[in-house]
Amino acid sequence: MKLSRYTKVYPSPDSADSVILFSTKRASAVLVPKDLLADIEAGRLSGEEQAELAGLGLIATDHAAERQEMLSYIQDLNARDRTMKFIVVLNLDCNLACRYCFEGTRKGKKYLSDEVAARFVEFVRTRDYADKDEIRITFYGGEPLLSVDRIAEISGRIGSFAEGRGMRYRFSLVTNGVLLTPQAVKRLRPLGLASAKVTLDGPKDVHDAFRPFKGGAGSFDVILRHLGEVADVIRIQLGGNYTKDSYRRFPGLLDLLRERGLGPDRIAAVKFDPVMNESSEFALPDFRDGCSSMDEPWVTEASVQLREEILKRGYATPKTMPSPCMMERDHSFVMDHDGILYKCPGLIGRQGCSVGDVRSGTAPCRDSHGLDDWKNEECLACAYLPLCFGGCKYQKIVRENSMRGVQCQKAYFDRVLGPLVAQDIRYGL
Amino acid sequence: MKNRIVVLKKAVEKEQIVEGLCCIGSFIPYLWH
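Residues numbered from 1 in each chain as written. Chains lettered and ligands numbered in written order. Predicted model: local features only at pLDDT ≥ 70, side-chain atom pairs only at ≥ 80, totals over all residues.

Participant: Please set out the overall build of chain A residue by residue, giving values where relevant.
Facilitator: The number of helices and strands found in chain A is 15 helices and 15 strands. Its C-alpha radius of gyration of 23 Å places chain A within 12% of the 22 Å reference for a compact globule of 429 residues. The C-alpha extent of chain A, read off along each of the three principal axes, is 65 × 50 × 40 Å. Here chain A, with 429 residues, has 45% of them falling under the buried criterion. For chain A, restricting intrachain contacts to residue pairs at least 6 apart in sequence, the fraction spanning at least 24 positions comes to 70%. (Helix = DSSP H or I, 4+ residues; strand = E, 2+ residues; numbered from the N terminus. Rg over C-alpha atoms; globule rule 2.2 N^0.38 Å. Buried ≥ 20, exposed ≤ 12 C-beta atoms within 10 Å, placed from the backbone. Contact = placed C-beta atoms within 7 Å.)

So, in structure tokens, the structure goes:
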């Protein structure tokens, strides 16, 4: 047996004689004495130890077999995927004027028409559901709740279709929260509304500066009020987007949430992320305060520190584990307000990035999107491959105007993975 | 021989991985849900 190529070895914080082994492939971690590492290579593990480490994905029979396993990893995940997923961009309109909105100049009074809605429902109905037991839609915008009637209409029709096929239907919202009223939730809940992701960009003064209403007034108070009103009815996931200058204020937001009764018992998960600068094609002209790359040192510091602040207050946050990009899913599409299909919301409106439309169907995209470009010896030998799979195509196209090739994240993972794994262990993720 | 392994984190199953949507270092900040 050999140490898996996808096992990282980190020093133990408690013992100089021990190390932590973390599997990027299985998200498992163990504490072992240092001399056990040599025993793996020398074949001196007990049968019990060997079985345990193999079961956790930390050791492999040989690297050639493991290489083959990784080459078919995405295919294997797709074969196990029992959910058909869609992201529907209902409009590109909004009641807020967020300074950094990544949809930027794509925004406008653009709404899904009756014709596109009907075509979308038909597109959903004609997918292959042979191995599926659920249909899941994320309603996205712009601001999806500006199209609440459309959400109800589409959900009613797809919910009936799913029920007729013996499948489950549920949907979520990525919403700014301004219109997430108890009345809206009461109307949508019976139609399948399960969760909403709402964004707060720090305590009131910071949030209101970044996410004002179009008229300039702050949106913090109304969002917080709605969260308090609906958090016991649907699952609320809280996101927040920070810049180099704002991230230190986010712990104050977490304290405020708890003071206002929105503690870990009522907020299902929290995750904060850096604002990325958009390409000049779509970027709002007055905003360049985001990061251009995950390699900027402050991003490392901010992402680890804020995750610690979230966890130490008892909130849930995603654990460190393989999480392939939605582009890799065979059964996942994004549809914009015009009925054009994409594999990622970041690609909406970008020339040459669509994979078809709801009128004429879909075309293969593995080649055009460079989805197999990580299948090279350097990536296959990289311990971070299961966390990366060639990186983010959205970031790639923003920076290089192309999805071809990989967006190597090795330097980023070299800096953050050790601390993230330590947090996962410390907080029992 | 005594088992020298202390399990700190159990392995995730592929079904859990299938549920994931975006990578920890490869994300669209606005989409995570």
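Participant: Requested: an account of the environment of Pro-182 of chain A, with residues and values cited.
Facilitator: All names here are of chain A. Relative to the helices and strands, Pro-182 is located in helix α7 (residues 182-188). A tally of 11 C-beta atoms within 10 Å means that Pro-182 is categorised as exposed. For Pro-182 and Ala-42, which are 140 residues apart along the polypeptide, the C-alpha to C-alpha distance reads 63 Å. Other than its neighbours up to four places away in sequence, Pro-182 contacts Glu-229 and Val-230.

Participant: How would you explain the sheet that holds strand β8 (residues 168-175) of chain A if you had to name every residue and give the values?
Facilitator: Residues and elements named next belong to chain A. The 10 strands lie next to each other as β11-β10-β9-β8-β7-β6-β12-β13-β14-β15, forming an open sheet whose pairing is mixed. Where the open sheet ends on each side, the last strands, each with one partner, are β11 (269-274) and β15 (361-362). Bridging between strand β13 (residues 340-342) and strand β14 (residues 356-357) involves 2 bridges; their strand directions are antiparallel. Considered in β14, the bridge of Leu-341 is made with Gly-356. (Pairing = 2+ DSSP bridges.)

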